[in-house]
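Structural features, examined
Single-letter residue listing:
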Amino acid sequence: MATTGQVIKCKAAVAWEPRKPLSIEEVDVAPPKAHEVRIKVVATGVCHTDCEYLYEAGTGMKLRPFPLVLGHEAAGIVESVGPQVTQFAPGDKVIPLFLPFCHECAQCKGSKTNICKKNWENAQAGVLADGTSRISCRGQQVYQFLGVSSFCQYTVVPDTSLAKIQPSAPLDKVCLLGCGVSTGYGAAVQTGKVEKDSTCAVFGLGAVGLAAVMGCKAVMAKRIIGVDINPEKFEKAKQFGATDCINPKDYDKPIQEVLVEMTNGGVDYALECVGSPSIMSAALESTREGCGTCVIAGWTETETMSVQIIKILMGRTLKGTYFGGWKSVKDVPKLVEKYMQKKLKLDEFITHNLSLGQINAAFELLRNGQSIRTVISLEDS
């Protein structure tokens with residue numbers, strides 16, 4: 001492409017400081033270095049994690065360096081590649097990923113975990129392998145959120161954090177597989193290994209929770225109980241496969257006690273998709289003694305979960321999941337294929353489509369519980 005090797009000027013939503021609205025700015029995106037790929041971001045979802053890192057920075061979330069370009073759930077097209085990149089070429093459709101897959105470490109080669117730590121510390125610090133970002137604005141470095149920064153029309157990512165997908169995939173839909181849908185769906189089918197004819201409870205009916213419901217239905221769970229304090233989400237949850245929906249505010253006893261009574265002893269699987277320590281504890285306590293499994297998919301970094309040891313000693317299993325247990329670069333193209341084969345819902349998660357200039361409105365919709373997923377178009381924003 002004509003821009004290969006050159007600095008690209010484009011628009012981005014920049015967070016200059018915590019707890020302040022994003023600012024649409026012209027930024028410079030430098031060419032990719034060794035083992036890096038520069039992509040044109042076509043569409044990006046607005047994830048609750050983006051919102052939390054901006055508005056709850058330092059409270060349950062580690063403080064990231066600012067200025068910062070958020071966004072980590074996206075899809076785009078390769079614009080150019082840096083030296084030593086062999087798996088990608090300009091024009092490829094891709095999904096950037098906050099979880100790498102290097103093909104070389106013990107974690108990537110083994111089957112027990114999906115956690116690859118290639119460039120991990122740098123990505124958490126908002127920079128690439130050489131310790132710097134490729135995005136700058138007003139003469140200063142702008143940090144890249146989780147090494148992605150998809151609230152920018154162009155971004156540069158490591159080649160170990162990029163999945164090449166089939167050319168026919170609609171980027172404004174499959175972008176959701178970059179985080180929320182993959183996480184929730186995988187929490188059920190990959191990490192939790194929910195079984196046929198089992199009874200499940202899903203705590204939180206946002207995008208991750210609805211994807212968990214979808215996963216429970218995919219493996220033919222017998223009963224899927226959605227739990228949320230916003231009853232407006234119940235109809236959508238039933239479209240994804242929930243058989244019952246309950247609101248903790250409707251009861252004068254803890255919700256875990258309600259679920260234990262409803263299911264004659266507790267659910268087989270509980271999936272926590274909120275990120276609240278108190279809800280995590282409730283989810284664990286809602287599971288069946290002796291064989292219940294609780295999977296934590298909700299995100300928080302610094303808070304502490306309280307667990308009565310007897311709940312574990314009596315045979316329950318407590319598990320965490322990161323990106324749904326999927327080996328990112330390897331598995332995301334397979335999830336795209338499932339969507340293309342109509343075996344996985346994506347369109348149904350999208351409640352709003354907005355432009356980059358409307359990014360702050362997208363955040364407000366999410367914070368007010370009015371959206372499941374807003375997809376931001378970065379083309380011609």
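As shown above, the structure is provided for reference.
All of the points below concern the structure found in this document. (Residues numbered from 1 in each chain as written. Predicted model: local features only at pLDDT ≥ 70, side-chain atom pairs only at ≥ 80, totals over all residues. Heavy atoms only, no water.)

For the rest of this paragraph, the subject is the overall build of the chain. The secondary structure content of the chain amounts to 12 helices and 18 strands. Against the compact-globule benchmark of 21 Å for 381 residues, the chain has a radius of gyration of 20 Å, which places it among compact chains. Along the three orthogonal principal directions, the C-alpha set of the chain runs to about 65 × 40 × 35 Å. A burial count over the chain gives 57% of its 381 residues as buried. When the accessible surface of the chain is totalled, it reaches about 15600 Å², and 49% of it is carbon and sulfur. Distance between charge centres in the chain, computed from 41 positive and 39 negative side chains, equals 5 Å. (Helix = DSSP H or I, 4+ residues; strand = E, 2+ residues; numbered from the N terminus. Rg over C-alpha atoms; globule rule 2.2 N^0.38 Å. Buried < 20%, exposed > 50% of the residue type's maximum accessible area, 1.4 Å probe, protein only. Areas by Shrake-Rupley, 256 points an atom, 1.4 Å probe, with all protein chains shown as cover. Lys, Arg positive; Asp, Glu negative; His and termini not counted. Charge placed at Lys NZ, Arg CZ, Asp CG, Glu CD.)

Attention shifts here to the packing of helix H5 (residues 180–191) against helix H6 (residues 207–218). One can describe the packing of H5 onto H6 by two numbers: an axis separation of 7 Å at closest approach and a directional angle of 40°. Between H5 and H6, the angle is such that the two are oblique. In this structure, H5 crosses over H6, and the sense of that crossing is right-handed. Residue-level contacts link Gly 180, Val 181, Thr 183, Gly 184, Tyr 185, Ala 188 and Val 189 of H5 to Val 208, Ala 211, Ala 212, Met 214, Gly 215, Cys 216 and Ala 218 of H6. (Axes fitted to C-alpha atoms, helices over the stretch in contact; angles between N-to-C directions. Parallel < 35°, antiparallel > 145°, perpendicular 65-115°, else oblique. Left-handed = near helix turned anticlockwise from the far one by under 90°. Contact = heavy atoms within 4.5 Å.)

Judged by nonpolar contacts, the single largest core of 113 residues is most densely connected at Val 174, Phe 349 and Phe 363. Ranked by residue count, the leading element in this core is H6, at eight residues. Residues contacting Phe 363, with those up to four places away along its chain left out, are Leu 22, Val 46, Asp 50, Cys 51, Leu 54, Tyr 55, Leu 70 and Phe 151. Of all hydrophobic cores here, the second largest spans 16 residues; its members include Ile 225, Ile 246, Val 258 and Ala 283. (Core = buried A, V, L, I, M, F, W, Y, C linked by side-chain atoms within 4.5 Å.)

So, on to the environment of Val 332. Examined against the element boundaries, Val 332 turns out to sit in helix H11 (residues 328–340). When its relative accessible area of 0% is taken as the criterion, Val 332 is described as buried. For Val 332 and Ala 163, which are 169 residues apart along the polypeptide, the C-alpha to C-alpha distance reads 6.7 Å. Those residues in contact with Val 332 that lie beyond four places of it in its chain are Ile 95, Leu 97, Ala 163, Leu 177, Phe 323 and Lys 327.

These results come straight from atomic positions and should not be treated as a statement about function.
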